[in-house]
2 protein chains.
Amino acid sequence: MEPHEPDLTAVPVTSVLAALADDVRLQIVRALAEGGEAACGSFDFGVSKATRSHHLRVLREAGLTRTRAAGTSRLVRLRRDELNKLYPGLLDAVLTPRPPA
Amino acid sequence: MEPHEPDLTAVPVTSVLAALADDVRLQIVRALAEGGEAACGSFDFGVSKATRSHHLRVLREAGLTRTRAAGTSRLVRLRRDELNKLYPGLLDAVLTPRPPA
DNA sequence: GAGCTTGTTCGACAATTGTCGAACAAGGGT
DNA sequence: ACCCTTGTTCGACAATTGTCGAACAAGCTC
């Protein structure tokens with residue numbers, strides 16, 4: 001199946017924000033930001049693998065991540081540079097669990 | 001009734017993002033960013049006043065806006081400084097209708 | 001090939017959300 | 001006092017969304 005990774009400029013801002021506006025997905029994004037490329041299975045945040053797969057798709061289709069196959073696994077990584085270029089400050093604003101007061 | 005304007009630090013990031021992840025609300029935020037304080041009625045984006053009221057409440061309860069009464073109107077303004085302090089770059093990333101390529 | 005691991009997809013379901021019209025509340029103007 | 005303007009609140013409804021288990025697909029290892 002086609003991974004369907006859109007051009008980030010073609011994704012409405014609201015979709016990017018909506019993708020980030022979920023606790024599970026935000027944890028995934030933070031894990032990716034900290035750990036770099038990671039397999040889907042490494043994101044165990046108390047949801048089933050069906051749900052995890054769903055969240056990863058939302059992130060991918062919002063242009064936030066890229067996915068490549070590696071054996072039976074799929075490696076996911078954050079599209080950091082593109083995001084920082086198109087929405088400077090957005091990732092930084094969101095990556096910190098508790099922003100500086 | 002109490003306006004219920006929460007402390008921004010007490011609002012989860014996902015709520016802030018969710019509040020911004022809607023087209024109508026984003027238009028409201030952009031109008032506020034550009035025009036400063038404005039009456040609720042000035043946001044006519046093709047939705048009924050009930051819906052508009054709903055969106056303004058979402059924004060207010062997410063800590064994005066403040067509201068004060070003025071006659072029969074209610075004036076809304078963006079909590080810009082607080083937002084920029086707590087989530088630097090977030091507003092800027094979101095305010096431009098079409099971000100620079 | 002058999003079996004295991006890793007993900008995806010497919011309903012299904014509950015909860016949330018965006019939307020509306022109608023009813024209500026509060027102020028201002030005449 | 002009456003009406004008009006401005007918003008809010010109250011169901012109601014449709015659409016979307018998060019969640020799951022079960023079934024499926026693809027690849028590795030033995």
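For the structure, see preceding data.
A quick note: this is a predicted structure, and the numbers were derived from the prediction, not measured. (Residues numbered from 1 in each chain as written. Chains lettered and ligands numbered in written order. Predicted model: local features only at pLDDT ≥ 70, side-chain atom pairs only at ≥ 80, totals over all residues. Heavy atoms only, no water.)

Draft legend 1. Inspection of the relation of the copies chain B and chain A at higher detail. With an RMSD of 0.0 Å, chain B superimposes on chain A once it is rotated by 180° and translated 0.0 Å along the axis. On this basis, the relationship between the two copies can be described by a two-fold rotation axis. Minimal C-alpha separation from the rotation axis in chain B is found for G89 of chain B, amounting to 2.0 Å. Comparing interface residues between copies, 100% of those in chain B also sit at the interface in chain A, which points to an isologous, same-surface contact. (Least-squares fit on C-alpha atoms with pLDDT ≥ 70 in both. Contact = heavy atoms within 4.5 Å.)

Draft legend 2. Fine view of the side chain of H55 of chain A. Structurally, the position occupied by H55 of chain A is in helix α3 (residues 49-61). What H55 of chain A contacts, discounting residues up to four positions off in sequence, is D22, V24, R25 and I28 of chain A. (Helix = DSSP H or I, 4+ residues; strand = E, 2+ residues; numbered from the N terminus.)

Draft legend 3. Summary view of the pattern of salt bridges. Following the criterion strictly, the structure yields 10 salt bridges over all chains and no others. We note a salt bridge from R77 of chain B to E37 of chain B, for which the minimum N-O separation is 3.9 Å. With R77 of chain B in strand β3 (residues 73-78) and E37 of chain B in the loop between α2 (23-35) and β1 (38-39), the pair connects residues that are 40 residues apart, well separated along the chain. Residue classification places R77 of chain B among the partly exposed residues on the basis of a relative accessible area of 34%. The exposure class of E37 of chain B is partly exposed, given its relative accessible area of 34%. Among the ionic pairs, R79 of chain B bridges to E82 of chain B, the shortest N-O distance being 2.8 Å. When its relative accessible area of 4% is taken as the criterion, R79 of chain B is described as buried. Put simply, E5, R66, R79 and E82 of chain A are held in one network by salt bridges that share partners. (Salt bridge = Lys/Arg side-chain N within 4 Å of Asp/Glu carboxyl O. Buried < 20%, exposed > 50% of the residue type's maximum accessible area, 1.4 Å probe, protein only.)

Draft legend 4. Local environment of the environment of R68 of chain A. Residues and elements named next belong to chain A. When you line up the elements, R68 lands in strand β2 (residues 65-70). As a C-alpha pair, R68 and A39 span 29 residues in sequence and 9.6 Å in three-dimensional space. Discounting residues that sit within four places of it in the chain, R68 has contacts with E37, S73, R74, L75 and R77. One polar contact links R68 to E37, side chain to side chain, over a distance of 2.7 Å. (Polar contact = N/O pair within 3.5 Å; in protein donor to acceptor, adjacent residues only side chain to side chain.)

Draft legend 5. View of the environment of A10 of chain A. Mapped onto the secondary structure, A10 of chain A falls in the segment before α1 (13-20). Sequence-wise, A10 of chain A and A62 of chain A are 52 residues apart; in three dimensions their C-alpha atoms are separated by 9.4 Å.

Draft legend 6. Representation of the interface of chain B and chain A in the model. Facing 23 residues of chain B, the contacting portion of chain A comprises 23 residues. Carbon and sulfur atoms supply 68% of the area buried between chain B and chain A, which totals about 1800 Å² over both sides. Applying the counting rule to chain B against chain A returns zero salt bridges. Joining chain B to chain A, the criterion identifies zero residue pairs in polar contact (both at pLDDT 80 or more). Counting residues per element, the ones that place at least two in the side of chain B that touches chain A are α1 (13-20), α2, α4 (80-86) and α5 (90-95) of chain B. A total of five residues in the side of chain B that touches chain A trace back to one element, the largest contributor, which is α1 of chain B. Residue composition of the side of chain B that touches chain A, grouped by class: 15 nonpolar, three polar and five charged. (Buried area = accessible area lost by both parts, 1.4 Å probe. Nonpolar A, V, L, I, M, F, W, Y, C, P; charged D, E, K, R; others polar.)

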